[in-house]
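Structural characterization, general
The residues making up each chain are set out below.
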Amino acid sequence: RLLVACGESHAADIIDIATRKSVGQLKLGDDPEAFDISPDGKTLYVSNEETAEMSVIDMTAGTITARVKVGEEPEGVTVRPDGREVYVTCEAENEVVAVDTTTLKVVARMKTGARPRSVVFTRDGATAFVTDENSATVTVLDTAKHAVAASIAIPKTQKGPTAPRPMGAVLSPDGKQVYVSLGRARAIAVIDVVSRAVTRTIEDVGARPWGIEVSADGTK
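Residues numbered from 1 in each chain as written. Predicted model: local features only at pLDDT ≥ 70, side-chain atom pairs only at ≥ 80, totals over all residues. Heavy atoms only, no water.

One can find G41 in the loop between β4 (32–37) and β5 (43–48). Through-space distance from the C-alpha of G41 to that of T60 is 9.3 Å; in sequence the pair is 19 residues apart. (Helix = DSSP H or I, 4+ residues; strand = E, 2+ residues; numbered from the N terminus.)

In structure tokens, the structure reads:
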């Protein structure tokens, strides 16, 4: 099944992939922005922009079990690969908030560039890459220390009408690269995970690219 968040209804439509039809709704709290699911598939974590919270939802019962205050204008939500923490980007605070998934307590606040949008982890969960829309950077976080490890500047593209605006991010299937959509710059930046450097840019991908994913075989 597929979940599609609908901000105005404060819910997600549940889509049956086989029939491509809605089979119900799941309440996500006020003004849901983004979400991620725990590794065991039992818990959904949702950012609620209007209330500066992260909602915790029991997937079996379909109910909100907790609300965690994180920071103003929460956006991106990503669960660490081991499931022990969930990272939430707070756009108005220029920081990422780490929440312990067992205690549901905030365990760290990590400063980023301007207007952090999304988070992607390396396979081992040791490193997180955070897109910073308004500073044209990607902040690299050391998850063990809950500290900034580096900041990667995204260079201006040759054909882009504006400066890069990093939005979405996804890890390649082999774990070696991070692909970052650059919004109004109409391009995608490719970052090498080890060197933490931009290795190339894919231009003319369409207007304002945001959401991004890689095919299972890594070819598209």
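What follows is about the sheet that holds strand β13 (residues 127–132). Across the sheet, which stays open at both edges, the four strands sit in the order β12-β13-β14-β15 with antiparallel pairing between neighbours. In the strand order of this sheet, the two ends are held by β12 (116–121) and β15 (147–153), each with one partner. The mean inter-strand angle of the sheet, taken between neighbouring strand axes irrespective of direction, is 25 degrees. Relative to β15, strand β14 (residues 137–142) is paired through six bridges, and the arrangement is antiparallel. (Pairing = 2+ DSSP bridges. Axes fitted to C-alpha atoms, helices over the stretch in contact; angles between N-to-C directions.)

So, on to the sheet that holds strand β19 (residues 197–203). Pairing is antiparallel in the open sheet, where four strands are placed in the order β16-β17-β18-β19. The open sheet has two free edges, formed respectively by β16 (169–171) and β19, since each of these has just one partner strand. Ignoring strand direction, the axes of neighbouring strands in this sheet form an average angle of 20 degrees. The pairing of strand β18 (residues 187–192) with β19 spans six bridges and is antiparallel. Within β19, the residue paired with I191 across the bridge is V198.

Looking now at the environment of P166. Looking at the secondary structure, you find P166 in the loop between β15 and β16. Residue classification places P166 among the buried positions, given a relative accessible area of 0%. For P166 and W210, which are 44 residues apart along the polypeptide, the C-alpha to C-alpha distance reads 8.2 Å. Leaving out residues up to four positions away in the same chain, P166 has contacts with R117, T131, D132, E133, A136, T137, I154, V180, S181 and L182. (Buried < 20%, exposed > 50% of the residue type's maximum accessible area, 1.4 Å probe, protein only. Contact = heavy atoms within 4.5 Å.)

For the structure shown, the criterion picks out one aromatic pair. Their ring planes at 65 degrees and their centres at 5.0 Å tell us that Y87 and F121 sit as a pair that is edge-to-face. With Y87 in strand β9 (residues 85–90) and F121 in strand β12, the pair connects residues that are 34 residues apart, well separated along the chain. Here Y87 matches F121 in class, with each residue buried. (Phe/Tyr/Trp six-rings, centres within 6.5 Å; stacked < 30°, edge-to-face > 60°.)

With that settled, consider the nonpolar core. Side chains of a nonpolar character, in soluble globular proteins, are inclined to be buried together. By size, the foremost hydrophobic cluster in this structure holds 16 residues, and its most contacted members are F129, V178, V180 and I191. At the level of secondary structure, the elements contributing two or more residues to this core comprise β14, β16, β17 (177–181) and β18. Tallying contributions element by element places β18 first for this core, with three residues. By size, the runner-up hydrophobic cluster in this structure holds 13 residues, among which are V68, V77, V79 and V88. (Core = buried A, V, L, I, M, F, W, Y, C linked by side-chain atoms within 4.5 Å.)

Time to look at unusual backbone geometry. Even without glycine at this site, A52 takes up a positive phi of about 55 degrees. Of note in this structure, A136 is not a glycine but carries a positive phi near 55 degrees. For A136, the position within the fold is in the loop between β13 and β14.

Right, let's talk about the pairing of β14 for a bit. Regular strands show a simple pattern: their side chains alternate between the two faces of the sheet. Burial within β14 is extensive, with five of its six residues counted as buried. Inspection of the sheet shows β13 paired to β14 by six bridges, in the antiparallel sense. Paired with D132 across the strands is T137, a residue of β14. Counting the residues in the hairpin turn of β13 and β14 gives four residues, including A136, whose phi is positive at 55 degrees. Connecting β14 to the antiparallel partner β15 that follows it, the hairpin turn spans four residues, and H146 within it adopts a positive phi of roughly 55 degrees.

The next subject is the side chain of T112. When you line up the elements, T112 lands in the loop between β11 (106–111) and β12. T112 sits in the buried class, given a relative accessible area of 15%.

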